[in-house]
Amino acid sequence: MNTAPRLEHHDAHTRLIVDGKPFLCLGGELHNSSSSDRQYMAEVWEKISGSGANSVIATVAWDQVEPEEGTFDFSVVDGILEDARAAGLRLILIWFGAFKNASSTYAPTWVRADRTRFPRADRGPEPMETPFSYKGSMPRPTLSVFSDELFVADRTAYCRFMAHLAEVDRQHTVIMVQVENEVGLLGVGRDRSAAARAAWESPVPVPLRKALANNADAFDPTVSTVLQPVIASEASWAHHFGDGSPVADEAFMAWAFATYVGGLAAAGKEILELPVFANAWVGPQPGQDLPGNYPSGGPTARMIPVWQTAAPAIDFLAPDIYVPNSAEIMSQYASVGNPLFIPEARFRAGDAFLSVGRFGALGYQVFGLEDGRPGNQYGLTCRAILALTDQIVEGQRDERIFGFALEQDEDLVTTTLGGISITVRNSAKLYRSMLLDAGVVLPPPPELPGETEGAAHGHTPGDGRPFGLILETGPLEFLVVGQGALFDFHKADSELELDSVRELRLTQDGWRDGRLLNGDERLQILKNDTISASRIKLLELSKSA
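Just so it is clear, the model here is predicted, and its values are computed rather than measured.

Participant: In this structure, what is going on with the packing of aromatic side chains? I would like to understand it.
Facilitator: Aromatic ring pairs are described here by two measures, namely the spacing of the ring centres and the angle between the planes. Scanning all chains against the criterion turns up 24 aromatic pairs. Aromatic side chains Phe 72 and Phe 74 sit 5.9 Å apart centroid to centroid with 5° between the ring planes, which places their arrangement in the stacked category. Like Phe 72, the residue Phe 74 is buried in the burial classification. Among the aromatic side chains, those forming a connected cluster through ring pairs are Phe 146, Trp 200, Trp 237, Phe 241 and Phe 252. Between Arg 190 and the ring centre of Trp 200, over which it is positioned, the NZ or CZ distance is 3.8 Å.

Participant: Any chance you could explain the pattern of salt bridges here in plain terms?
Facilitator: A side chain of one charge can pair with a side chain of the opposite charge if their charged atoms are brought near each other. Using the criterion set out here, one finds 25 salt bridges in the structure. Ionic pairing is found between Asp 249 and Arg 190, a salt bridge with its closest N-O pair at 2.9 Å. With Asp 249 in helix H10 (residues 246-269) and Arg 190 in the loop between strand S7 (174-181) and helix H6 (194-200), the pair connects residues that are 59 residues apart, well separated along the chain. Judged by relative accessible area, Asp 249 falls into the buried class, the value being 8%. Between Glu 250 and Arg 302 there is a salt bridge, and its shortest N-O distance comes to 2.8 Å.

Participant: I'm lost on the sheet that holds strand S8 (residues 276-281) in this one. Help?
Facilitator: Adjacent strands of a sheet form backbone hydrogen bonds with each other and so pair up, either parallel or antiparallel. The strand order S9-S8-S7-S6-S5-S4-S10 describes an open sheet built from seven strands, whose pairing is parallel. The sheet is open, and its two edges are formed by strand S9 (316-320) and strand S10 (363-367), each paired on a single side. This sheet shows a mean twist of 30° between the axes of neighbouring strands, independent of strand direction.

Participant: Explain the sheet that holds strand S19 (residues 532-542) here, please?
Facilitator: Across the sheet, six strands lie side by side as S11-S14-S15-S19-S17-S18; this open sheet has antiparallel pairing. Two strands lie at the open edges of the sheet, namely strand S11 (401-405) and strand S18 (510-517), each paired on one side alone. Taking the axes of each pair of neighbouring strands and ignoring which way they run, one obtains an average angle of 25° across the sheet. The sheet contact formed by S11 and strand S14 (residues 467-474) spans five bridges and is antiparallel. Along S14, the bridge assignment pairs Gly 403 with Leu 469. The sheet strands contacting helix H13 (residues 349-358) are S11, S14 and strand S15 (477-483), and the helix crosses S11 at an angle near 155°. The sheet strands contacting helix H15 (residues 389-398) are S11, S14 and S15, and the helix crosses S14 at an angle near 80°.

Participant: Teacher, can you tell me more about the state of the cysteines here?
Facilitator: A covalent bond bridging the sulfur atoms of two cysteines is what the word disulfide describes. Per the counting criterion, the structure on display carries zero disulfides. You can see Cys 25 has no disulfide; the closest cysteine sulfur is in Cys 382, sitting 11 Å from it.

Participant: Just to check I follow, could you spell out the packing of helix H12 (residues 326-333) against H13 for this structure?
Facilitator: A pair of packed helices is captured by two measures, namely the crossing angle of their axes and the spacing between those axes. Where H12 meets H13, the axes come as close as 11 Å, and the angle between the chain directions of the two elements is 25°. The angle between the axes of H12 and H13 places the two elements in the roughly parallel class. Considering how the two elements wind past one another, H12 and H13 form a crossing that is right-handed. Taken together, the residues of H13 that come into contact with H12 (itself represented by Ser 326, Ala 327 and Met 330) are Asp 351, Leu 354 and Ser 355.

Rules used in this analysis
Residues numbered from 1 in each chain as written. Predicted model: local features only at pLDDT ≥ 70, side-chain atom pairs only at ≥ 80, totals over all residues. Heavy atoms only, no water. Phe/Tyr/Trp six-rings, centres within 6.5 Å; stacked < 30°, edge-to-face > 60°. Buried < 20%, exposed > 50% of the residue type's maximum accessible area, 1.4 Å probe, protein only. Lys NZ or Arg CZ within 6 Å of the ring centre and 35° of its normal. Salt bridge = Lys/Arg side-chain N within 4 Å of Asp/Glu carboxyl O. Helix = DSSP H or I, 4+ residues; strand = E, 2+ residues; numbered from the N terminus. Pairing = 2+ DSSP bridges. Axes fitted to C-alpha atoms, helices over the stretch in contact; angles between N-to-C directions. Contact = heavy atoms within 4.5 Å. Disulfide = S-S within 2.5 Å. Parallel < 35°, antiparallel > 145°, perpendicular 65-115°, else oblique. Left-handed = near helix turned anticlockwise from the far one by under 90°.

Worth remembering: the numbers are spatial, not functional.
Following this line, the structure appears as structure tokens:
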């Protein structure tokens, strides 16, 4: 079926439809410069095609496709499309336009060289120290998001890119588009350039004031409290906030960036209707407490309502997760109006299960996919989850699924599915404790092999946490997949016991029946050293008098 990829909404559930069927995006993003050279990518495609991934995020850079104003060369796009198809992979393309990681290094030379036509952001006399910089480093260009000329030039190039996709990608190899990358302003909470000052001295936009008045509960309490005075007044940002407050500065910049990125998204959708999203450098986070320490104005969790109001053409906002509190970040972005998608993350298998199983994610993508060690844990995760795509997506819709990843200080986690209370336990920890009680001391478990051969963000160990997901597949029946977990089932008015546990085997055709587990082997329903799966049937008995 050759229909365009789309998002399909079922009440509180959103799914991605590709070729007329539900699609979970499991794979990763290439390094920023990888897709710029087709010869470099030749070996990468071969490696990824056998990795277990079904999708790849690749970049398209403005400076490469429009090196001179009005002269376009999309041969790099054609190469990415042809090679992804040959590898049997779907693509999510990122438009690296005027903004990438809060700077403008992917804007063409003709843009960056003309400071009059394309003014720079002004950080004032005392900017903050910023991440990924050092004393004596050369400055990185940061264009002002308030430049109308910049918006028109970026929009023109983006629309030409989308028009080219519409012409050459009739097979719908590209299933989504990300517009810009981790936008925002580093070094200060608010741009002080002439155009930015003019916007600061202009009235607070009416749509934002209406959103605050009509749906204040959607806003972070800190944000709604600070912005409350704008509801009843047509006065300017400057009138309300003077030299600014961190929250007001961030909201002001969020409106500007959302309007810019949303404007590109809307123009592109008029040419080619594909799901479109924007990604976030999350903040605040430890060591990055104030807007400007992290990109001010980006689609951070507390700025989601601002972005949704200013940019309705953007289908969802997606967090890049490199912080340890991944579940907290996922919960901030997963909502009825904003389906969760993780476009960049560490090689952390448990977080993929957590995102899909607990937060209804459309997908999970690691950064630096080509760095993956052959046969790594994340690749097996992709195969294990994708083999259950239809069941997982239906489970997300019907709330018959639960994902888990037990942190080091967690012995267990509980949930309820189908009226049955389920306790998920750390099986290795529990097993060691039981053996210790019997006087048997086991050696510590061996360290899992590393996930990557060349790490994008430092050494990446395997995920040793108990993790996985539980699917309710019928009355008193469950499917579990993951590693290192033991399950107990309880029901208030009756007694439950395990009736049967059927181990599953992952094959080229999906999960197939394997051994029938019983006795002591039921203490490790999910193996501790690799990802596995089992079908569990329960026997319900009336409680004895």
